[in-house]
Amino acid sequence: MSKQEWPLYEVFVRTRSGLSHRHAGSIHAADDQMALDNARDTYTRRSEGVSLWVVRSDRIVASDPAESAAFFEPAEDKIYRHPTFYDVPDGVENL
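Now for a look at the structure at hand. (Residues numbered from 1 in each chain as written. Predicted model: local features only at pLDDT ≥ 70, side-chain atom pairs only at ≥ 80, totals over all residues. Heavy atoms only, no water.)

### Focus on the overall build of the protein
The number of helices and strands found in the protein is two helices and three strands. Reading the secondary structure of the protein in the N-to-C direction produces β-β-α-β-α. Counting over 95 residues, the protein shows a buried share of 15%. When contacts within the protein are restricted to residue pairs at least 6 apart in sequence, long-range pairs at least 24 apart make up 45% of them. Only carbon and sulfur atoms are counted for the fraction: they give 52% of the accessible area of the protein, which is about 7,800 Å². (Helix = DSSP H or I, 4+ residues; strand = E, 2+ residues; numbered from the N terminus. Buried < 20%, exposed > 50% of the residue type's maximum accessible area, 1.4 Å probe, protein only. Contact = heavy atoms within 4.5 Å. Areas by Shrake-Rupley, 256 points an atom, 1.4 Å probe, with all protein chains shown as cover.)

### Side note on the side chain of Thr 44
If you trace the backbone, Thr 44 turns up in the loop between α1 (32-43) and β3 (51-56). A distance of 2.7 Å separates a polar atom in the side chain of Thr 44 from the backbone oxygen of Arg 40. With near-sequence residues (within four places) excluded, Thr 44 lies in contact with Val 13, Ala 39, Gly 49 and Leu 52. (Polar contact = N/O pair within 3.5 Å; in protein donor to acceptor, adjacent residues only side chain to side chain.)

### Here we look at the nonpolar core
Of all hydrophobic cores here, the largest spans eight residues; its members are Tyr 9, Val 11, Val 13, Ile 27, Ala 29, Ala 35, Ala 39 and Leu 52. Put simply, the parts of the chain that give this core at least two residues each are β1 (8-14) and α1. With three residues, β1 is the largest single contributor of residues to this core. The residues touching Ala 39, leaving out its near neighbours within four places in the chain, are Val 11, Ile 27, Thr 44, Leu 52 and Val 54. (Core = buried A, V, L, I, M, F, W, Y, C linked by side-chain atoms within 4.5 Å.)

### Things to note about the pattern of salt bridges
Opposite charge on two side chains allows them to pair when their charged atoms are near. For the structure on display, the rule yields four salt bridges. The partner of Arg 40 in a salt bridge is Asp 37, with the nearest N and O atoms 3.8 Å apart. Of the two residues, Arg 40 and Asp 37 are both situated in helix α1; the distance of three residues between them amounts to about one turn of the helix. Residue Arg 40 is classed as partly exposed on the basis of its relative accessible area, which comes to 42%. (Salt bridge = Lys/Arg side-chain N within 4 Å of Asp/Glu carboxyl O.)

### Some words on α1
The first and last C-alpha atoms of α1 sit 16 Å apart over twelve residues, in line with the 16 Å expected at 1.5 Å per residue. Capping the start of α1, Asp 31 holds a side-chain oxygen 3.2 Å from the backbone nitrogen of Gln 33, two or three residues further along. (Expected span 1.5 Å × (residues − 1).)

### Observations regarding the side chain of His 21
Turning to its location among the elements, His 21 is positioned in the loop between β1 and β2 (22-28). Using a relative accessible area of 13% as the deciding quantity, one classes His 21 as buried. There is a polar contact of 2.9 Å between the side chain of His 21 and the side chain of Ser 51. Engagement of the side chain of His 21 in a polar contact is seen with the side chain of Trp 53, the distance being 3.4 Å.

So far we have only geometry, and geometry alone does not tell us how the molecule works.
Right, here's the structure in full:
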């Protein structure tokens, strides 16, 4: 199998416990384990992460940006979903 045939993976890194995973970049790999190993070697060389996610790009399901108004419109009717009604205590980080 040549590298040109390897699937593309998206890499997500969590830099500290309690934080969200963030998209770090993409890599090609022959299989899931190779993707995880290559992502570790590429994106956490300086101990920047505590957790890695890799997902094949062809398995990601995304909304169509051209239809964003219709897709996200129902959320505007549910104002209780917005965190404006909650008090955040002092000293709370990474919320």
